[in-house]
Amino acid sequence: DDAGIVELGDDHADAMRALTALVYPGYFRPRTRILGRYYGVLDRGRLAAMAGERMAVSGCTELSAVCTHPDYLGRGLAHRLVAHVAHAIRQRGLQPYLHVSNRNARAIKVYETSGFVPRREVTRFALSHAPPASQALRREPPQRFCVFFAGVLDHVRRQLRAGRGLVPVERLEV
């Protein structure tokens with residue numbers, strides 16, 4: 001259901017940064033929005049939820065910045081936006097994918113019920129500068145993320161209907 005979903009533009013930039021800063025501090029930079037299309041649900045002019053596209057590599061486009069304002073949780077907005085953005089990506093013949101912290105159970109449930117399946121677990125390491133006095137680099141604690149791809153369930157269903165059996169997810173071409 002696309003009712004109420006609007007494409008976000010320059011006039012929504014401040015609201016997009018405010019929402020992502022509230023939900024995921026530090027992940028959405030001032031120019032991130034120019035990397036792809038972003039969509040949102042507005043409630044009387046207030047950005048209630050958003051999702052969009054970011055990186056595109058080898059026939060895949062990342063579904064990114066899926067977030068819902070805490071006042072609007074539990075209304076299915078993230079699920080609707082994920083479906084909308086994934087459909088838009090597929091319409092261009094590309095494979096949607098995303099990553100999520102393995103500690104974010106609520107988001108994982110949204111992605112799995114939207115047809116995304118885990119593809120691989122990865123560890124993210126980040127280096128950052130310490131305060132200028134020491135000029136040393138400090139290593140932030142590693143975070144575990146799970147990378148999800150859409151459409152794998154559809155592939156498995158097609159394989160079963162065709163009588164070909166299952167192909168392990170690790171061997172699927174995406």
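Basis of the calculations
- Residues numbered from 1 in each chain as written.
- Predicted model: local features only at pLDDT ≥ 70, side-chain atom pairs only at ≥ 80, totals over all residues.
- Heavy atoms only, no water.
- Helix = DSSP H or I, 4+ residues; strand = E, 2+ residues; numbered from the N terminus.
- Buried < 20%, exposed > 50% of the residue type's maximum accessible area, 1.4 Å probe, protein only.
- Contact = heavy atoms within 4.5 Å.
- Axes fitted to C-alpha atoms, helices over the stretch in contact; angles between N-to-C directions.
- Parallel < 35°, antiparallel > 145°, perpendicular 65-115°, else oblique.
- Left-handed = near helix turned anticlockwise from the far one by under 90°.
- Arc of directions from axis to C-beta.
- Core = buried A, V, L, I, M, F, W, Y, C linked by side-chain atoms within 4.5 Å.
- Pairing = 2+ DSSP bridges.
- pLDDT = per-residue confidence, 0-100.
- Salt bridge = Lys/Arg side-chain N within 4 Å of Asp/Glu carboxyl O.

Draft legend 1. A look at the overall build of the protein. Check the secondary structure of the protein and you find four helices and nine strands. Starting at the N terminus and walking to the C terminus, you meet the elements of the protein as β-α-β-β-β-α-β-α-β-β-β-β-α. Across the 174 residues of the protein, 39% fall into the buried class. Put simply, of all contacts in the protein between residues at least 6 apart along the chain, 60% involve residues at least 24 apart.

Draft legend 2. Spotlight on the packing of helix α2 (residues 77–91) against helix α3 (residues 105–113). Where α2 contacts α3, the axes come no closer than 10 Å and their chain directions differ by 45°. When the axis of α2 is compared with that of α3, the two are oblique. Between α2 and α3 lies a crossing whose hand is right-handed. Note on element contacts: α3 touches α2 through V110, Y111 and T113, opposite A78, H79 and V82.

Draft legend 3. Up close: α3. Along α3, the residues classified as buried are A107, I108, V110 and Y111. Down the axis, α3 shows its buried residues gathered within 160° of arc, on one side only. Turned more than 90 degrees off the buried face of α3, the exposed positions are A105, R106, K109 and T113. Just past α3, the residue G115 takes up positive phi, approximately 95°.

Draft legend 4. Spatial organisation of the nonpolar core. Judged by nonpolar contacts, the single largest core of 24 residues is most densely connected at L63, V66, L81, V82, Y111 and F116. Contributing elements (two or more residues each) for this core: β2 (38–43), β3 (46–57), β4 (60–68), α2, β5 (95–101) and α3. Among the elements that take part in this core, α2 stands out by supplying eight residues, more than any other. Setting aside residues no more than four positions away along its own chain, V66 makes contact with Y24, M50, A51, A78, V82 and Y111. Of all hydrophobic cores here, the second largest spans nine residues; its members include Y38, L47, A65 and C67.

Draft legend 5. Seen up close, the pairing of β4. For β4, the tally of buried residues reaches nine of nine residues, placing the bulk of the element in the interior. Note that β3 and β4 share six bridges and pair antiparallel. Residue pairing for β4: M50 is matched across the bridge by C67. Between β3 and β4, which pair antiparallel and follow one another directly, the connecting turn spans two residues, one of which, S58, has a positive phi of 40°. The sheet contact formed by β4 and β5 spans three bridges and is parallel. Pairing of T61 across the sheet is with P96, part of β5.

Draft legend 6. Layout of the side chain of T68. Positionally, T68 belongs in strand β4. Looking at T68, the relative accessible area reads 12%, which means it is buried. Residue contacts for T68: discarding those within four places in its chain leaves L19, V23, A48, A49, L73 and A78.

Draft legend 7. Structural context of the confidence of the model for the protein. Across the protein, the average pLDDT comes to 76, with 68% of residues at 70 or higher. The model gives residues 164–174 a pLDDT under 50, and that stretch makes 20 contacts with residues more than four places away or in other chains.

Draft legend 8. Geometry of the pattern of salt bridges. Taken as a whole and judged by the stated rule, the model has six salt bridges. In this structure, R44 and D43 form a salt bridge, with 3.6 Å as the shortest nitrogen-oxygen distance. Overall, R44 belongs to the exposed group, its relative accessible area being 81%. Put simply, E62 and R54 hold a salt bridge, and the shortest N to O gap is 2.9 Å. Judged by relative accessible area, which is 1%, E62 ranks as buried. Look at R54 and you get partly exposed, because its relative accessible area is 24%.

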